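Architecture at a glance
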Amino acid sequence: MHRYFEINENGHNIRCKIYCHDLKDIRRIVLFAHGFGGHKDNGAAEKFALRLITKYKDSAMVTFDWPGHGEDVKKSFHLEDCMIYLRTVLEYVCQKYQTNEIYSYATSFGAYLTLKYINENGNPFKKIVLRCPAVNVYDEMRTTIMSPNDYERLEKGKVVPVGFDRKVMIEMSLLEEMKVNDIQQLDFIDYADDILIIHGTEDEIVAFDVVRDFAENNVIEFAPVEGADHRFRNERKMDTAIKMIFDFYAL
């Protein structure tokens, strides 16, 4: 049902995972982008992928490790590295499986990066679903993910391990990039019809009101899930989100 593969291009080694029934039958692909400190073996990604390929046997889901995440060999990362990884994986799966029917499912920091990518490159996806997107990633990094001690060490020029499933090594320059690349100041109205934002009302990482305001400002469909936290750890809440995604994709 799944297999691992690597993309080696331009000095980058991107660790990927694909879920499908048969590689020869793939007609459409959902590209899953995990959050900060996550990895390609994300449990939420697997649950969604198994539902997807059970219901739509000509579909596949591909996920990959961001730079410095999971099994990726980079010691640290920058936003441009993330853009390169996303572009490389997109181009690879389109060419490898001869399809332009690519959908996006991105969570948290991965959702922020997806929005950054389409702002800079246009939208390559037929539909985009963002779950709990970290639209204010700089603020969340400073106030929720990092400790005051972490920030003090960054100010002193240290490289600091930060994150959840895997600690990611970050430098002050990454925070500065996040501050400059504030997607809340950008206009996504031209892409709004193809985007759905799903957000839990009890998100403890990314403030519900901030994301709701971002969606309203860009006329993006916003679907709150009552009682869901950032990771949608409640199985019933996750089931609700998956149904919303399938309905939006309209495969």
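As a starting point, this report considers the structure included with it. Bear in mind that the values here come from a model prediction, so they are computed numbers and not experimental data.

About the thresholds
- Residues numbered from 1 in each chain as written.
- Predicted model: local features only at pLDDT ≥ 70, side-chain atom pairs only at ≥ 80, totals over all residues.
- Heavy atoms only, no water.
- Helix = DSSP H or I, 4+ residues; strand = E, 2+ residues; numbered from the N terminus.
- Rg over C-alpha atoms; globule rule 2.2 N^0.38 Å.
- Buried < 20%, exposed > 50% of the residue type's maximum accessible area, 1.4 Å probe, protein only.
- Areas by Shrake-Rupley, 256 points an atom, 1.4 Å probe, with all protein chains shown as cover.
- Lys, Arg positive; Asp, Glu negative; His and termini not counted.
- Charge placed at Lys NZ, Arg CZ, Asp CG, Glu CD.
- Polar contact = N/O pair within 3.5 Å; in protein donor to acceptor, adjacent residues only side chain to side chain.

For the chain, the count of helices and strands is 8 helices and 10 strands. What you see for the chain is a C-alpha radius of gyration of 17 Å, in line with the 18 Å of a compact globule of 251 residues. Each principal axis of the C-alpha atoms in the chain carries an extent, and together these give about 55 × 40 × 35 Å. For the chain, buried positions account for 54% of its 251 residues. Accessible area of the chain: about 11,200 Å², with a carbon and sulfur share of 45%. Averaging the coordinates of the 32 positive side-chain charges in the chain and doing the same for the 41 negative ones gives two points 6 Å apart.

Glancing now at unusual backbone geometry. For residues that are not glycine, phi is negative in most cases, and the peptide bond is trans in most cases. For Cys132, which is not a glycine, the phi torsion comes out positive at approximately 50 degrees. Structurally, Cys132 is set in the loop between strand 6 (128-131) and helix 4 (137-145). A residue is classified by how much of its surface remains accessible, and Cys132, at 1% relative accessible area, is buried. Of note in this structure, Val219 is not a glycine but carries a positive phi near 55 degrees.

Topologically, His39 is positioned in the loop between strand 3 (28-33) and helix 1 (43-55). Classification of His39 as partly exposed rests on a relative accessible area of 23%. In sequence terms His39 and Phe64 are 25 residues apart; their C-alpha atoms lie 7.1 Å from each other. Polar side-chain contacts of His39 include one of 3.1 Å to the backbone nitrogen of Asp41.

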